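Structural characterization, general
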Amino acid sequence: MKKLIIANWKMHYGPIKAGAWIRAFRRERLPKDLDVAVAVPFVSLAAARSSLGRATIPMLGAQDVFWQPDGAYTGEVSTGMLQEFGVALCLVGHSERRIHVGETDEMAAQKAAALQRAGMVPVMCVGETEAERRKKNTLKVIRAQAAAFLAAVKPDAAVRGGHAAMPVFAYEPVWAIGTGKHCPAQEAKVAHDAIRAAVSKAWGAKWADQVRILYGGSVDAHDVGAYLTTTGIDGVLVGHESLDPRSFGILCRAALPA
Ligand code: PEP
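I will try to describe carefully the structure that is included in this document. (Residues numbered from 1 in each chain as written. Predicted model: local features only at pLDDT ≥ 70, side-chain atom pairs only at ≥ 80, totals over all residues. Heavy atoms only, no water.)

**A few points about the packing of aromatic side chains**
Formally: Pairing of aromatic side chains here covers Phe, Tyr and the six-membered ring of Trp, requires ring centres within 6.5 Å, and sorts the geometry by plane angle: under 30 degrees stacked, over 60 edge-to-face, intermediate tilted. A run of DSSP states H or I qualifies as a helix once it reaches four residues; a run of E qualifies as a strand once it reaches two. Both are numbered from the N-terminal end. For the exposure calls, accessible area comes from a 1.4 Å probe over protein chains only, and a residue counts as buried if that area is under 20% of its type's maximum, exposed if over 50%, partly exposed in between. For a ring to carry a charge above it, either NZ of a lysine or CZ of an arginine must fall within 6 Å of the ring centroid while also lying within 35 degrees of the normal to the ring plane.
Tallied over the entire structure, the rule returns 10 aromatic pairs. Here Phe 25 and Phe 248 contribute two aromatic rings whose centre-to-centre distance is 5.3 Å and whose plane-to-plane angle is 35 degrees, an arrangement assigned as tilted. Residue Phe 25 is located in helix α1 (residues 15–25), and its partner Phe 248 is located in helix α11 (residues 245–255); the two are separated by 223 residues in the primary sequence. Judged by its relative accessible area of 1%, Phe 25 falls in the buried class. The ring centre of Trp 175 lies 3.8 Å from the NZ or CZ of Arg 133, which sits over that ring.

**Description of the pattern of salt bridges**
Heads up, the rule is: Here a salt bridge means any side-chain nitrogen of Lys or Arg lying within 4 Å of a carboxyl oxygen belonging to Asp or Glu.
For the structure shown, the criterion picks out 14 salt bridges. With a shortest N-O distance of 3.1 Å, Arg 97 and Asp 64 are connected by a salt bridge. Pair noted here: Arg 97 is in helix α4 (residues 95–101) and Asp 64 is in the loop between β3 (59–62) and α3 (79–83), with a separation of 33 residues, a long-range link. For Arg 97, a relative accessible area of 28% translates into the label partly exposed. Relative accessible area serves as the criterion here: at 7%, Asp 64 is assigned to the buried category.

**Observations regarding the sheet that holds strand β8 (residues 168–171)**
Our working rule: Only strands that DSSP links by at least two bridges are regarded as paired with each other. Angles here are taken between N-to-C directions and fall from 0 to 180 degrees, while the axes themselves are lines fitted to C-alpha atoms, restricted in helices to the stretch in contact. Two residues form a contact once any of their heavy atoms are found within 4.5 Å.
Spatially, 8 strands are ordered β1-β2-β3-β4-β5-β8-β9-β10 in a closed barrel, and the strand pairing comes out parallel. Averaged over all neighbouring strand pairs, the angle between strand axes comes to 25 degrees, with direction disregarded. Where strand β1 (residues 3–8) and strand β10 (residues 235–238) come together, 4 bridges link them in parallel fashion. Along β10, the bridge assignment pairs Ile 6 with Leu 237. On top of the sheet, α11 reaches β1, β2 (34–40) and β10; it is set at about 160 degrees to β1, its chief contact.

**Observations regarding unusual backbone geometry**
Ile 57 connects to Pro 58 through a cis peptide bond whose omega is -5 degrees. By the secondary structure assignment, Pro 58 is in the loop between α2 (45–52) and β3. Notably, Tyr 13 is not glycine yet its phi reads approximately 75 degrees, a positive angle. With respect to the helices and strands, the residue Tyr 13 is situated in the loop between β1 and α1. The partly exposed category is assigned to Tyr 13, whose relative accessible area is 23%.

Written out as structure tokens, the structure reads:
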């Protein structure tokens, strides 16, 4: 399975800086066997797309979406709008949205389903807080979050013109996001195995083998290799270390050393 690395700029970079980032990153040498994407703020999609031109690397991603196709939903952005920019994938249920704007499992699941209907890859984020980890509730929490997603999306859903892209999971322990705290790869593996087991139960073993499960939480060029050489970790979601295009290029090269 090809590894996938997604940059998440979060609330950084309007159109001017977004265009400059894409142009700089396109000069980076990248491993051939790696899928790379960048999740940019809505207002920067046009600039990122125009700096990408016809290039397909990095794939263009968004950080959020709304589940209704159109209508009286002030401030929201639909899947159709994302499609106009050639968005290939979109984060859903990121813990920063759960924490700061009250996004629930149900809302995140509806967003994932809408993306699938539109033929885009939902990157479905799950992860426990520090308190939940301390109470040893990690697996209970991520199983519940994963179950909400799994009830909403399918591995082989038919969409207009073909089949939907396979959804992706991201295991992101909340205590490791933006904190500089590193979750040991073997601890992350336990969570990844639990997510894959949930996928297998919901969709069957064949699909569980094919679903990519990423790790996210303060990943940098020093530890990306440890995650990606751990069985069951199929890529990484990178926040802070993706803000500088050169550092992100170094991280991508460290992920799959030649
Ligand atoms: C993220 O935004 O999903 C993330 C993992 O951020 P950071 O790498 O900064 O912890």
